[in-house]
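Given next are the chains, with one letter for each unit.
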Amino acid sequence: MATRTLGRVAKALLAPALALGATVGLASAPASAAVWNSCDQWGNTTLNGYTLYNNIWGSGAGSQCVWANSGTNWGVWADHPNTGGIKSYPNAKKVINKPITSLTSLTSSYNVTVPSFGAYNTSYDIWDTGYRYEVMLWVNKTGAVGPLGTSQGSLTLGGSTWSVYKGNNGSNDVFSFVRGSNSSSGTVDILPILKWIKDTKGWFGNVTIGDVQFGYEITSSSGGLDFTTNSLTVSGG
């Protein structure tokens, strides 16, 4: 079962980059030149309202490069060894900065092309501004990966049926929603899920949602695998 320390990682991204030296050539980027690319551990940029992160944070990581034509059309090539533990979470982030009760809507649509082997999940990672609470929505998964915490049963909400897990990684509470079947495209109504956590379960109060991230939590991708976000929208307020 995968464990995560994303609360600490999210804060680390605000600090000076650490010297990992995860660099390879950019031959893995699309044939047509991308607007931006990076093989740096904490490589990041902002494009049309989305912040992109390469975000190689786990121990024992290999090489990884991210490319982007825009904040909503981007991808990553990763060659991480076939060992346990999450190596990276390349993602695009949209800042929200509103309390849950002030939100009138929060939805996202995605379309991805992902490999049929390796070990990873495609997921939303939703944080409060204090990085005390983390809500993960797994829309697909492959290989030996699993959510942190204990099962809380199943739930049909936000346009899908999810298996729900609740845990803590030592830094923050983690609430994971794992889609009942893998999906490469769809729309998620995020706000009802947040309200369910707040109002039905009482796992947190009227927290301020800081940002919504979408990306690939990669455990292994030996030999080099491509993950492509063909399109992504996060909207609401």
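Presented here is a report on the structure given in the accompanying data block. (Residues numbered from 1 in each chain as written. Predicted model: local features only at pLDDT ≥ 70, side-chain atom pairs only at ≥ 80, totals over all residues. Heavy atoms only, no water.)

## Section: the packing of aromatic side chains
Phase 1 of the analysis: Applying the stated rule across the entire model yields 14 aromatic pairs.
Phase 2 of the analysis: Seen in terms of ring centroids, Tyr120 and Phe227 are 5.0 Å apart; in terms of plane orientation they differ by 85°. Their pairing is edge-to-face. On the criterion of sequence distance, the pair formed by Tyr120 in strand E8 (residues 119-128) and Phe227 in strand E15 (residues 225-236) is long-range, its members being 107 residues apart.
Phase 3 of the analysis: On the basis of relative accessibility, which here comes to 0%, the residue Phe227 falls in the buried class.
Phase 4 of the analysis: Here the aromatic cluster, defined as three or more aromatic residues joined through ring pairs, consists of Trp74, Tyr110, Tyr120, Tyr124, Phe214, Tyr216 and Phe227. (Phe/Tyr/Trp six-rings, centres within 6.5 Å; stacked < 30°, edge-to-face > 60°. Helix = DSSP H or I, 4+ residues; strand = E, 2+ residues; numbered from the N terminus. Buried < 20%, exposed > 50% of the residue type's maximum accessible area, 1.4 Å probe, protein only.)

## A closer look at the nonpolar core
Phase 1 of the analysis: Tyr124, Leu137 and Phe177 are the most contacted members of the largest nonpolar core, which totals 47 residues.
Phase 2 of the analysis: Counting residues per element, this core draws most heavily on helix H2 (residues 190-201), at six residues.
Phase 3 of the analysis: If you look at the next biggest cluster of nonpolar residues, it comprises seven residues, including Ala119, Met136, Trp138 and Val174. (Core = buried A, V, L, I, M, F, W, Y, C linked by side-chain atoms within 4.5 Å.)

## Details of the sheet that holds strand E7 (residues 106-113)
Phase 1 of the analysis: Taking strand neighbours across the sheet as the criterion, the six strands line up as E1-E4-E5-E15-E7-E13 in an open arrangement whose pairing is antiparallel. Two strands close off the open sheet at either side, each with one partner strand: strand E1 (36-38) and strand E13 (185-189). Recorded for the sheet is a direction-independent mean angle of 20° between the axes of neighbouring strands.
Phase 2 of the analysis: Relative to E15, strand E5 (residues 73-79) runs antiparallel, the two sharing five bridges. Looking at the pairing, Gly75 lines up with Thr228 of E15.
Phase 3 of the analysis: Along the sheet, H2 contacts E7 and E13; its crossing angle with E13, the most-contacted strand, is approximately 45°. (Pairing = 2+ DSSP bridges. Axes fitted to C-alpha atoms, helices over the stretch in contact; angles between N-to-C directions. Contact = heavy atoms within 4.5 Å.)

## Looking at H2
Phase 1 of the analysis: Between its first and last C-alpha, H2 extends 16 Å over 12 residues, near the 16 Å set by a 1.5 Å rise per residue.
Phase 2 of the analysis: Buried within H2 are the following residues: Ile190, Leu191, Ile193, Leu194, Trp196, Ile197 and Lys198.
Phase 3 of the analysis: Looking one or two places after H2, you find Gly202, whose phi comes out positive at around 65°. (Expected span 1.5 Å × (residues − 1).)

## Comments concerning the environment of Val139
Phase 1 of the analysis: Positionally, Val139 belongs in strand E9 (residues 133-142).
Phase 2 of the analysis: A sequence separation of 21 residues divides Val139 from Ser160, and the C-alpha atoms of the two residues are 9.3 Å apart.

## Here's the deal with the pairing of strand E3 (residues 50-53)
Phase 1 of the analysis: Burial of E3 is two-sided: the residues Tyr50 and Leu52 facing one way and the residues Thr51 and Tyr53 facing the other way are all buried.
Phase 2 of the analysis: As paired elements, strand E2 (residues 44-47) and E3 share four bridges and run antiparallel to each other. Residue Thr46 lies in a different strand from E3, and its bridge partner there is Thr51.
Phase 3 of the analysis: Between the antiparallel neighbours E2 and E3 lie two residues, among them Asn48 with a positive phi of about 40°.

## A look at the pattern of salt bridges
Phase 1 of the analysis: Within this structure, the stated rule accounts for two salt bridges.
Phase 2 of the analysis: Asp128 is the salt-bridge partner of Arg132, the closest N and O atoms lying 3.3 Å from each other.
Phase 3 of the analysis: Salt-bridge contacts for Lys198 lead to Asp199; the nearest nitrogen and oxygen are separated by 2.7 Å. (Salt bridge = Lys/Arg side-chain N within 4 Å of Asp/Glu carboxyl O.)

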